[in-house]
Amino acid sequence: MSTPHLDAEPGQIADTVLLPGDPLRARHIAREFLDGAMEVNTRRNMLGYTGTFRGQRVSVLGSGMGIPSCAIYATELARFHGVKRIVRIGTCGGVGDVALGDILLAQSASTDSRFNRLQFGGHDLSACADFDLLRAAVDAAGQLDIRASVAGVFSTDSFYDGDPHLVERLVRHRIVGVEMESAGLYGLALREGVRALSVLAVSDHLQRGEHMAPEQREQGLSTMVALVLDALAD
Ligand code: HPA
C-alpha cells in the first residue's frame, strides 16, 4: 500500500530514516554513505532510498521545506511505514555566539508556527528532541571528535519578512539557530510515539551576514551524516 505522498511499498523503508530537506541531498547521502542503496520513493521527486550502514538498514528521504511538508512525510513514515526513528539533517541560520559550520543538536524547538497548537488545544507544546537520540548524538560527537553543541533552535514559517525583532528575541532566550521544520517534527514525533532529533549545520549567520561557501556546506553535511549514522548504529 502506498500512501498519498510516498510510493514506497510496505517494508521498503527502514525503521530509521534520515530526513534532509533537499531530495538531491537524500540521493547524495544514499550514494556516499549507505551500502546497496535502492530508490524507494520518487513521488513528487521527493527521492527516498534504503540501504545499510554497518549492516543495519537505514533510509534517507527528502522532506521538502517547512513544517507542513516535513510533517506530511514524517507522519506517513511513522503511521504507515512503521518508522521508529527520524533524524532531520539540515542547515540553519545562526544567531549570537555560533560560527558558520557549527553543528547544533536541537534539544528544543520553539516556533511561530501554529502546527502543534492545532493538535494541542491551542496550548504551547514543549517541542523537544528524543533524549536517547540526543544523548547518542552527543556521545558519537565525543567519540568522533566532532564539535557539536546541544542547543535551542527556532522553527519559523516565514523565511522572508518574518518578525523584524526575531533575532533580538532569540538572543534573549539563548536560541542560536533558525530553521523551518524541527518544532513540527518534534511535536508529531511525540504524538506518533516515534523518536526524533534534528542535527543542523549553521550555514548563515543572521547578524553577521556571513554565508557558507558551497564546499563548506558539503563538508558540513558530510560531518553531520557521519555523526548521525554513528549515533544511530547499534
Ligand atoms: N531562516 C530559516 N531557515 C533557514 C535559515 C534561515 O535563516 N537558514 C537555513 N535555513
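Rules and cut-offs
Residues numbered from 1 in each chain as written. Predicted model: local features only at pLDDT ≥ 70, side-chain atom pairs only at ≥ 80, totals over all residues. Heavy atoms only, no water. pLDDT = per-residue confidence, 0-100. Helix = DSSP H or I, 4+ residues; strand = E, 2+ residues; numbered from the N terminus. Axes fitted to C-alpha atoms, helices over the stretch in contact; angles between N-to-C directions. Parallel < 35°, antiparallel > 145°, perpendicular 65-115°, else oblique. Left-handed = near helix turned anticlockwise from the far one by under 90°. Contact = heavy atoms within 4.5 Å. Nonpolar A, V, L, I, M, F, W, Y, C, P; charged D, E, K, R; others polar. Core = buried A, V, L, I, M, F, W, Y, C linked by side-chain atoms within 4.5 Å. Buried < 20%, exposed > 50% of the residue type's maximum accessible area, 1.4 Å probe, protein only. Near = heavy atom within 4 Å. Polar contact = N/O pair within 3.5 Å; in protein donor to acceptor, adjacent residues only side chain to side chain. Areas by Shrake-Rupley, 256 points an atom, 1.4 Å probe, with all protein chains shown as cover. 1 Å grid on protein atoms, 1.4 Å probe; cavity = no way out; pocket = protein on both sides within 12 Å on 5 of 7 lines; lining within 4 Å. Sits in = over half its atoms within 2 Å of the grid points. Expected span 1.5 Å × (residues − 1). Arc of directions from axis to C-beta. Salt bridge = Lys/Arg side-chain N within 4 Å of Asp/Glu carboxyl O.

Engineer: Help me understand the confidence of the model for the protein in this model?
Structural biologist: Where the model shows low pLDDT, its predicted coordinates should not be examined in detail. When the pLDDT values of the protein are averaged, the result is 97; 100% of them are 70 or greater. Among the prediction metrics, the complex's ipTM stands at 0.95, with pTM recorded as 0.97.

Engineer: Can you help me understand the environment of Ala136 in this one?
Structural biologist: Its location among the elements puts Ala136 in helix α4 (residues 131-144). Along the primary structure Ala136 and Ala231 are separated by 95 residues, whereas in three dimensions their C-alpha atoms are 5.0 Å apart.

Engineer: Can you walk me through the packing of helix α1 (residues 23-33) against helix α7 (residues 214-232) in this structure?
Structural biologist: Helix-helix packing is characterised by the crossing angle of the two axes and by the distance between the axes. Between α1 and α7, the least distance of the axes is 11 Å, while the angle of their chain directions is 60 degrees. When the axes of α1 and α7 are compared, the pair comes out oblique. Of the two elements, α1 crosses α7, and the hand of that crossing is right-handed. Two secondary-structure elements touch here, α1 through Arg25, His28, Ile29 and Phe33 and α7 through Arg217, Glu218, Leu221, Ser222, Val225, Ala226 and Leu229. When the residues that make up the contact of α1 with α7 are grouped by side-chain class, the tally is six nonpolar, two polar and three charged.

Engineer: Would you take a moment to explain the nonpolar core for this structure?
Structural biologist: Where a protein is soluble and globular, its nonpolar side chains tend to be buried together. Core analysis: the biggest nonpolar cluster contains 69 residues, and Leu18, Leu77, Tyr186 and Val199 have the highest contact counts within it. Non-local contacts of Leu18, meaning those with residues more than four positions away in its chain, are made with Ile29, Val58, Ser59, Val60, Leu61, Val87, Ile89, Val228, Leu229 and Leu232. Membership of the second largest hydrophobic core comes to six residues, among which are Phe154, Leu166, Ile175 and Val178.

Engineer: How do you make sense of the site of the ligand when you look at a structure like this?
Structural biologist: Inspection of the region around the ligand gives Thr91, Cys92, Gly93, Phe159, Val178, Glu179, Met180, Ser203, Asp204 and Leu206 as its neighbouring residues. Between the ligand and Gly93, the relevant distance is 3.1 Å, taken from a nitrogen atom to a main-chain nitrogen or oxygen of the residue. For the ligand, whose unbound accessible area comes to 260 Å², protein coverage reaches 84%. At a threshold of 2 Å from the grid points, most atoms of the ligand map onto the largest pocket. Here the shell around the ligand takes three residues from strand β5 (residues 85-94), the largest share from any one element. Split into classes, the residues belonging to the shell around the ligand amount to five nonpolar, three polar and two charged.

Engineer: Which parts of the structure should I look at to understand α4?
Structural biologist: Note: α-helices contain 3.6 residues per turn, so residues at a spacing of three or four share the same orientation. Between its first and last C-alpha, α4 extends 20 Å over 14 residues, near the 20 Å set by a 1.5 Å rise per residue. For α4, the full list of buried residues reads Leu133, Leu134, Ala137, Ala140 and Ala141. Angular distribution of buried residues about the axis of α4 spans 125 degrees; they occupy a single face of the element. Among the exposed residues of α4, those pointing more than 90 degrees away from its buried face are Phe131, Gly142 and Gln143. Of the surrounding secondary structure, the elements contacted by the buried residues of α4 are β5, β6 (103-111), β7 (148-155), β9 (195-205) and α7. Put simply, Asp130 is the residue that caps the front of α4, since its side-chain oxygen is 3.2 Å from the backbone nitrogen of Asp132. A positive backbone phi angle near 60 degrees is found at Asp145, which sits one or two residues after α4.

Engineer: I would appreciate a short explanation of the pattern of salt bridges in the present structure.
Structural biologist: Charged atoms that come close allow side chains of opposite charge to pair. Following the criterion strictly, the structure yields 10 salt bridges and no others. Asp124 is the salt-bridge partner of Arg117, the closest N and O atoms lying 2.5 Å from each other. By relative accessible area, Arg117 is classed as partly exposed at 35%. Here the residues in one salt-bridge network are Asp130, Asp132, Arg135 and Arg195, joined through shared partners.

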